[in-house]
Amino acid sequence: MRIADARVIVTSPGRNFVTLKIVTADGVTGVGDATLNGRELAVAAYLTEHVVPLLIGRDPARIEDTWQLLYKGAYWRRGPVTMSAIAAVDTALWDIKGKVAGLPVYQLLGGRSREAVTVYGHANAETVDDVLGEVAHYVDHGYRAVRVQTGVPGLTGVYGVSRDPRHYEPAGGAVPAESVWSTPRYLEHTPRVFEKVRAEFGPDLMLLHDVHHRLTPIEAARLGRSLEPYALTWMEDPVPAELQEGFRLIRSHTTTPIAVGEVFNSIWDCQQLITEQLIDYVRTTVVHAGGISHLRRIFDLANLYHVRSGSHGATDLSPVCLAAALHVDVSIPNFGLQEYMAHTAETDAVFPHTYRFAGGMLHPSEEPGLGVDIDEEAAARYPYRAAALPVNRLADGTLHSW
Ligand code: CS2
Ligand code: MG
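Quick caveat: nothing in here was measured; it's all calculated off a predicted structure. (Residues numbered from 1 in each chain as written. Chains lettered and ligands numbered in written order. Predicted model: local features only at pLDDT ≥ 70, side-chain atom pairs only at ≥ 80, totals over all residues. Heavy atoms only, no water.)

## Some remarks on the site of ligand 1
Then step 1. Of all residues adjacent to ligand 1, which total 16 residues, the nearest are Tyr159, His212, Glu236, Glu262 and Glu339.
Then step 2. Take Tyr159: an N or O atom from its side chain is 3.0 Å from an oxygen atom of ligand 1.
Then step 3. Between an oxygen atom of ligand 1 and a side-chain N or O atom of Asp210, the distance comes to 3.0 Å.
Then step 4. Here ligand 1 loses 96% of its free accessible area of 340 Å² to cover by the protein chains.
Then step 5. One can see that ligand 1 is located within the largest pocket.
Then step 6. When the residues that make up the shell around ligand 1 are grouped by side-chain class, the tally is five nonpolar, four polar and seven charged. (Near = heavy atom within 4 Å. Polar contact = N/O pair within 3.5 Å; in protein donor to acceptor, adjacent residues only side chain to side chain. Areas by Shrake-Rupley, 256 points an atom, 1.4 Å probe, with all protein chains shown as cover. 1 Å grid on protein atoms, 1.4 Å probe; cavity = no way out; pocket = protein on both sides within 12 Å on 5 of 7 lines; lining within 4 Å. Sits in = over half its atoms within 2 Å of the grid points. Nonpolar A, V, L, I, M, F, W, Y, C, P; charged D, E, K, R; others polar.)

Below you can see the structure in the form of structure tokens.
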């Protein structure tokens, strides 16, 4: 079997997505997500100019050798653009391998380790009273886990609070929107949110919160300690994670579990965090961490150190990524949680898929391969539009993590 064609498809059904479709000479196709929010065209160009020419004529069955060729062969290793491009190729080749074998990909990864994939939803609102209603929405729909994000009194445009509570999309126009941040106001407000949510919904509901990279380690330690009475499942991205050793300081002060990794693109980004048990969940996912092959390596390392998966699953990861993630989620021994922000109907129409939601869980496709595709005619109806992620500043104008 040989790769005869590989198409890079950029489409924007409500938001931008980049998809790689690989076609073999026998007509078997595979798809991979290559979407990098705010940097979509960088990945599309990397694929078109530097990857697709290498794929034509290769044996699609050689997934590992292709991965090594694209990783080591680039000389310039790692980084979100390179690893998203490699991820798309890897994912598409696993899709093809499943179709050729006549098996859903999870069967090629060792089979089921659980019946389905427990997911968490996104309850968000400007005020605490309104967010209680949003949490109730997810509980009423069977969710066992809910992420809670609210506004902060005195601030506007706080991360995680969206106009449309069901579809949070942070990328806006071509020029980044700017918001103003205050850590003192946030640290003062957040424990009160979870005091009310826990009191309203009792001890069994899994509660999560995304700090979104905004604190220093000692501030994160203070937040973690203030949240301990409310027994969160995790506090996410408490600090920017380039300084992995910085998490030792957080760890020494609080037992609130920590989840990190949606911005990581290789095992090297989290090796110290995992091997020193500085985190409890690693949030890497298929599209940004080198595909199914590399993601499995990260989760296998994590498994040795009591670290569970908690893969990213925002709406800027396409249904192709989510379909692939579910095959990994259902098969690994150390699954924790899968983020699930449902895509819009417009997006789902471009990416027909057979995974399904029921009772707070996602069920991966049973079709051969990943169980997802891209409708190229529908995709062509949604041209790309530049959309940048916001930036964040302190009141004095200092650029802060968004
Ligand atoms: C967030 C994302 O889902 C999450 O945990 O961190 O909404 C993130 O901000 C976006 O994926 C960025 O594109
Ligand atoms: Mg996050």
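That covers the picture; the talk isn't over yet.
## Quick notes on the coordination of the magnesium ion (ligand 2)
Then step 1. Here the magnesium ion (ligand 2) is held by Asp210 (OD), Glu236 (OE) and Glu262 (OE), and the distances to it run 1.9 to 2.2 Å.
Then step 2. Along the chain, the residues that donate to the magnesium ion (ligand 2) are spaced as D-x25-E-x25-E. Of this pair, Asp210 sits in strand β7 (residues 206-210) while Glu262 sits in the loop between β9 (258-260) and α9 (271-275); the two residues are 52 residues apart in sequence, bridging distant segments of the chain. Considered together, Asp210 and Glu262 belong to a single accessibility category, that of buried residues. (Donors = N, O, S within 2.8 Å, 3.2 Å for Na, K, Ca; no water. Helix = DSSP H or I, 4+ residues; strand = E, 2+ residues; numbered from the N terminus. Buried < 20%, exposed > 50% of the residue type's maximum accessible area, 1.4 Å probe, protein only.)

## Quick look at the pairing of strand β15 (residues 391-394)
Then step 1. When strand β6 (residues 178-181) meets β15, the two strands line up parallel, connected through four bridges. Bridging across to β15, Trp181 finds its partner in Leu394.
Then step 2. Relative to strand β16 (residues 399-400), β15 is paired through two bridges, and the arrangement is antiparallel. Paired with Arg393 across the bridge in β16 is Leu399.
Then step 3. Linking β15 to β16, which pair antiparallel, is a turn of four residues; within it Gly397 sits at a positive phi near 100 degrees. (Pairing = 2+ DSSP bridges.)

## Quick notes on the sheet that holds β16
Then step 1. Read across the sheet, three strands follow the order β6-β15-β16 without closing on themselves; strand pairing throughout is mixed. At either margin of the open sheet sits one strand with a lone partner, and together these are β6 and β16.

## A few points about helix α10 (residues 291-304)
Then step 1. In this model, α10 (14 residues) spans 21 Å end to end at C-alpha, consistent with the 20 Å of a helix rising 1.5 Å per residue.
Then step 2. In the stretch just after α10, His306 is the one whose phi turns positive, near 60 degrees. (Expected span 1.5 Å × (residues − 1).)

## Quick look at the packing of helix α1 (residues 40-55) against helix α3 (residues 80-101)
Then step 1. Axis separation between α1 and α3 bottoms out at 9 Å; the angle between their running directions is 50 degrees. On the basis of their axis angle, the class for α1 and α3 is oblique. For the crossing formed where α1 meets α3, the hand is right-handed. Contacts between α1 and α3 pair Ala42, Val43, Tyr46, Leu47, Val51 and Leu55 from the former with Val81, Thr82, Ser84, Ala85 and Val89 from the latter.
Then step 2. Of the residues that constitute the contact of α1 with α3, the class distribution is nine nonpolar, two polar and no charged. (Axes fitted to C-alpha atoms, helices over the stretch in contact; angles between N-to-C directions. Parallel < 35°, antiparallel > 145°, perpendicular 65-115°, else oblique. Left-handed = near helix turned anticlockwise from the far one by under 90°. Contact = heavy atoms within 4.5 Å.)

## A few points about the domain arrangement of the protein chain
Then step 1. In terms of domains, the protein chain is made up of domain 1 (3-104) and domain 2 (108-368).
Then step 2. Look at where the C-alpha atoms of domain 1 and domain 2 centre, and you get two points 26 Å apart.
Then step 3. Contact with domain 1, which involves 34 residues of that partner, is made by 36 residues of domain 2.
Then step 4. Interface of domain 1 and domain 2: buried area, both sides summed, is about 2,600 Å²; carbon and sulfur atoms make up 61% of it.
Then step 5. Between domain 1 and domain 2 we count three salt bridges in total.
Then step 6. Measuring nitrogen to oxygen at the nearest pair gives 3.2 Å for the salt bridge that ties Arg78 to Asp269.
Then step 7. Put simply, domain 1 and domain 2 have twelve residue pairs in polar contact (both at pLDDT 80 or more) between them.
Then step 8. Elements with a minimum of two residues in the side of domain 1 that touches domain 2: β2 (17-24), β3 (29-33), α2 (63-72) and α3. (Domains from an automatic or database assignment. Buried area = accessible area lost by both parts, 1.4 Å probe. Salt bridge = Lys/Arg side-chain N within 4 Å of Asp/Glu carboxyl O.)

## Here's the deal with the layout of surface pockets
Then step 1. What the largest pocket holds in volume is close to 960 Å³.
Then step 2. Looking at the lining of the largest pocket residue by residue, the class counts come to 17 nonpolar, nine polar and nine charged.
Then step 3. Shared between two domains, the lining of the largest pocket holds at least three residues of each, these being domain 1 (3-104) and domain 2 (108-368).
Then step 4. Within this model, the second largest pocket holds a volume of roughly 620 Å³.
Then step 5. Forming the walls of the second largest pocket are 29 residues, and the residues nearest its centre are Arg163, Tyr168, Glu169, Pro170 and Ala171.
Then step 6. The element contributing the most residues to the lining of the second largest pocket is β6, with three residues. (Points joined across faces, edges and corners; volume = space filled by probe spheres on them.)

## Concerning the sheet that holds β3
Then step 1. One open sheet holds the three strands; their spatial order is β1-β2-β3, and the pairing between them is antiparallel. On the outer flanks of this sheet lie β1 (3-11) and β3, each paired with one strand and no other. If you compare each strand with its neighbour and ignore which way they point, the axes differ by 20 degrees on average.
Then step 2. Relative to β2, β1 runs antiparallel, the two sharing eight bridges. Directly across from Asp5, in β2, lies its bridge partner Val23.
Then step 3. Sheet strands in contact with α1 are β1 and β2, and its direction is about 175 degrees off that of β1.
Then step 4. Packed onto the sheet, α3 meets β1, β2 and β3 and runs at close to 145 degrees relative to β3.

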